[in-house]
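Report on the structure
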Amino acid sequence: MIYGQEVNIFVRLLVICLLAGVLGWERESAGKAAGLRTHILVGIATVLFVVIGEYIAREFGTYGPHVRFDAANLLGAIVTGISFLGAGMIIFKQREGRDIVGLTTAAGILTTAAIGVLVGMQQYLVAVGSTVIVFIVLRFVNLLEPRNRMRRATDRANANADELVEGNEGKG
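Described below are features of the structure shown in this document.

What to know about the overall build of the protein chain
What the protein chain contains, in helices and strands, is 6 helices and 0 strands. A buried classification covers 25% of the 172 residues belonging to the protein chain. If you take every contact in the protein chain between residues at least 6 apart in sequence, the share linking residues at least 24 apart comes to 68%. Roughly 11,400 Å² of accessible area belongs to the protein chain as shown, and the carbon and sulfur atoms make up 66% of that amount.

Here is the structure:
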């Protein structure tokens with residue numbers, strides 16, 4: 001026998017797999033540490049925490065007015081946990097002696113968690129819209145950043161210089 005509540009939860013999980021998968025694919029295709037699997041797992045965990053929170057609120061509601069459940073504390077715990085995950089990614093990258101990297105990935109993980117909360121609350125339109133906006137930001141906004149324009153110009157200049165060197169080696 002299929003239970004409506006369990007089917008509803010499963011639909012939420014499928015939706016977040018799709019939405020978080022889009023963001024994870026973008027990060028993975030850009031060669032970032034947190035890719036497809038990480039984003040999907042963060043999204044699933046967040047939806048499950050919301051579902052667990054709903055269950056706790058419903059169950060504790062039967063004990064009377066002296067017992068209450070604060071959903072804001074649940075959301076605070078989700079944000080804290082995901083932020084800890086993101087901070088770990090940033091610190092890990094710093095230890096390699098490079099510039100600070102991983103900030104966008106950490107922000108993407110936090111945003112994926114927020115989208116997971118929306119899906120958990122069955123706010124599908126806002127979740128899909130947020131996913132589209134975040135995808136556009138991750139994929140295209142970096143093209144507008146001055147340091148990235150300079151890096152692309154330097155890469156083109158280096159590629160042209162390499163072609164000139166290769167062309168002159170063939171003549172000699």
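Regarding the packing of aromatic side chains
One pass over the full model with this rule turns up 1 aromatic pair. Residues tryptophan 25 and phenylalanine 135 carry aromatic rings whose centres are separated by 6.3 Å and whose planes lie at 20 degrees to one another, so their mutual orientation is stacked. Of the two residues, tryptophan 25 sits in helix H1 (residues 4-29) while phenylalanine 135 sits in helix H5 (residues 124-140), which places them 110 residues apart along the sequence. For tryptophan 25, a relative accessible area of 48% puts it in the partly exposed group.

A word on unusual backbone geometry
Its identity is not glycine, yet glutamine 122 carries a phi of approximately 65 degrees, on the positive side. Tracing the backbone through its elements, the reader meets glutamine 122 in the loop between helix H4 (103-120) and H5. Taking relative accessible area as the criterion, glutamine 122 reaches 34% and is therefore assigned partly exposed.

What about the pattern of salt bridges?
Evaluated as defined, the whole model comprises 3 salt bridges. Of the charged contacts in the structure, one is a salt bridge between glutamate 54 and arginine 12, with a shortest N-O distance of 3.0 Å. Here glutamate 54 is found in helix H2 (residues 36-60), whereas its partner arginine 12 is found in helix H1, with 42 residues between them in sequence. The exposure class of glutamate 54 is partly exposed, given its relative accessible area of 30%. Judged by relative accessible area, which is 5%, arginine 12 ranks as buried. With its nearest N and O atoms 2.9 Å apart, the salt bridge here joins arginine 27 to glutamate 26. Of the residues examined, arginine 27 reaches a relative accessible area of 4% and is grouped as buried. One connected set of salt bridges, linked through shared partners, spans Glu26, Arg27 and Arg139.

Some details on the side chain of threonine 131
By the secondary structure assignment, threonine 131 is in helix H5. With relative accessibility at 4%, the residue threonine 131 sits in the buried group. Not counting residues within four places of it along the chain, the set of residues in contact with threonine 131 comprises Leu19, Val22, Leu23 and Ile115.

Remarks on the environment of valine 47
Tracing the backbone through its elements, the reader meets valine 47 in helix H2. In the structure, valine 47 is positioned 71 residues away from leucine 118 in sequence and 8.1 Å away in space, judged by C-alpha atoms. With near-sequence residues (within four places) excluded, valine 47 lies in contact with Arg12, Leu13, Ile16, Gly116, Val119 and Gly120.

Cut-off values and rules
- Residues numbered from 1 in each chain as written.
- Predicted model: local features only at pLDDT ≥ 70, side-chain atom pairs only at ≥ 80, totals over all residues.
- Heavy atoms only, no water.
- Helix = DSSP H or I, 4+ residues; strand = E, 2+ residues; numbered from the N terminus.
- Buried < 20%, exposed > 50% of the residue type's maximum accessible area, 1.4 Å probe, protein only.
- Contact = heavy atoms within 4.5 Å.
- Areas by Shrake-Rupley, 256 points an atom, 1.4 Å probe, with all protein chains shown as cover.
- Phe/Tyr/Trp six-rings, centres within 6.5 Å; stacked < 30°, edge-to-face > 60°.
- Salt bridge = Lys/Arg side-chain N within 4 Å of Asp/Glu carboxyl O.

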